[in-house]
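# A structural walkthrough
Here are the chains, one letter per residue:
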Amino acid sequence: RTVYVNGSYLPEEKATVSIFDRGFLFADGVYEVTAVLDGKLVDFAGHVTRLERSLNELKMELPVSSDELLEIHRELIKHNKLDEGAIYLQITRGAADRDFVFPKNAKQTLILFTQAKPISAPKSGIRIVSAPDIRWGRRDIKTVQLLAPSLTKMLAKEAGKDDAWMVEDGFVTEGTSCNAYIVTKDSKIITRNLSNSILHGITRAAVLKLASELDMEIEERPFTIDEAQQAAEAFVTAATAFVNPVIEIDHVELSGGKPGPVVTRLSQLYIEESR
Ligand code: PDD
């Protein structure tokens, strides 16, 4: 694979970052993951807008222009002949002697790499368990501090399931790396409202827009695991999964253990629209 580090395109084994990088020492950085479908970026503008917001919240700036960023994404797709998968981008505050105070003159670190992965293939659905949300209070910022969701996903894997929905004060926040939804028996889509408690998903915004264009009813509010277990269908969204059906929640099967009609339709239409 060819990767990008601070202005250079290099073979991955030649790419290095300082041991003093604050991304490594403090998780002092942000990231984005943009899907690639048929060699084209899905909703690049949305990802750059969120990236700028994340940087701003952490008192950082984009180290290159958004046009240059687009160019780097396209170069990597070309170099790696990426047809379907994702591009990972990370910006940290850079390398400086270890200190909790932000360094004054550090040069930010910008890295990108590609990951080939089938995202648009038909999905049989995932089984999830609930787990306490142990993350910090600014989940709206896409920081690289991913130990809490990683530990939580491991709980699900150790239980033989695919992912966890995290719960705070009795209500589902989101999946470990995806937004969470349920579909009521009268086909209303329910998903948690935007706040500091969840990541403002780019796929979420696109799927809700699509659903409202289809005249589907949407309610943005928190829901419990109990309500989710009684729902007709459930699903998650993320750049790396698009619309993914959920067929089991804490050992209760939904829609007969198979993806239901609403999720199947949304999933197909989202992929069509993204092509
Ligand atoms: N994760 N919520 C969380 C906590 C996430 O980490 C993600 C994305 C999402 C979905 O956001 P989007 O639709 O913009 O991808 C929601 C990425 C894919 C990851 O960490 O790999």
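Per chain, the residues get numbers from 1 upward, laid out in the order the sequence is written. The predicted origin of the model limits local features to residues at a pLDDT of at least 70 and limits the giving and counting of side-chain atom pairs to 80 or more, whereas totals for whole chains, interfaces and linings rest on all residues.

For the protein, the name recorded in an unreviewed UniProt entry is branched-chain-amino-acid transaminase, with Halodesulfovibrio spirochaetisodalis as its organism. UniProt positions are given in the numbering used here, feature names are shortened, and annotations may be inferred rather than shown by experiment. Entered under Cofactor (unreviewed entry) in the UniProt record, the comment concerning the protein runs "pyridoxal 5'-phosphate". The Sequence similarities (unreviewed entry) comment attached to the protein in UniProt states, word for word, "Belongs to the class-IV pyridoxal-phosphate-dependent aminotransferase family."

Of the regular secondary structure elements, the protein holds seven helices and 15 strands. Whereas a compact globule of 275 residues would reach a radius of gyration of roughly 19 Å, the protein reaches 19 Å, a difference of no more than 12%. If you line up the protein on its principal axes, its C-alpha atoms span 55 × 40 × 35 Å. For every residue, the other C-beta atoms within 10 Å of its own C-beta are counted; 20 or more classify it as buried, 12 or fewer as exposed, and values in between as partly exposed. C-beta atoms are placed from the backbone. Within the protein, the proportion of its 275 residues that are buried is 38%. In the protein, the share of contacts with a sequence separation of at least 24, taken over all contacts with a separation of at least 6, comes to 71%. The secondary structure listing takes helices from DSSP runs of H or I that are at least 4 residues long and strands from runs of E that are at least 2 residues long, numbered from the N terminus. All radius of gyration figures rest on C-alpha atoms, and the globule criterion is 2.2 Å times the number of residues raised to 0.38. What counts as a contact here is a pair of residues whose C-beta atoms, placed from the backbone, lie within 7 Å.

Moving on to helix 3 (residues 66–79). By this rule the span expected of a helix is its residue count minus one, scaled by 1.5 Å. With 14 residues, helix 3 ought to run about 20 Å at 1.5 Å a step, and its terminal C-alpha atoms sit 20 Å apart, in line with that. Within the sequence span of helix 3, burial applies to L69, H73 and L76. The arc that holds every buried residue of helix 3, seen down its axis, measures 65°, which confines them to one face. Along helix 3, exposed side chains directed more than 90 degrees from the buried face belong to D67, E71 and K78. Working definition: the arc comes from the directions between the helix axis and the C-beta atoms, pointing outward to the latter.

Along the polypeptide, G260 turns up in the loop between strand 15 (252–253) and helix 7 (261–274). Once the C-alpha coordinates of G260 and E233 are considered, the two residues, 27 residues apart in sequence, prove to be 6.0 Å apart. With sequence-adjacent residues up to four places away left out, G260 is seen in contact with V183, A232, E233 and S255.

The six strands lie next to each other as 2-1-6-5-3-4, forming an open sheet whose pairing is antiparallel. Every interior strand has two partners, whereas the edge strands, strand 2 (8–11) and strand 4 (40–41), have only one. Only when DSSP finds a minimum of two bridges between them are two strands counted as paired. Examined bridge by bridge, strand 1 (residues 2–5) and strand 2 share four bridges and lie antiparallel to one another. Residue pairing for strand 2: V3 is matched across the bridge by L10.

Okay, the nonpolar core next. Side chains that are nonpolar tend, in soluble globular proteins, to be buried together. Among the nonpolar cores identified, the biggest contains 51 residues, and I128, Y181, I182, V183, A234 and V246 are the most heavily contacted of them. Apart from the residues within four sequence positions on either side, V246 is in contact with G125, I126, I128, A234, F235, V236 and L254. Residues V30, L51, L69 and I91 belong to the second largest nonpolar core, which totals eight residues. To form a nonpolar core, buried Ala, Val, Leu, Ile, Met, Phe, Trp, Tyr and Cys residues must be joined through C-beta atoms within 7 Å.

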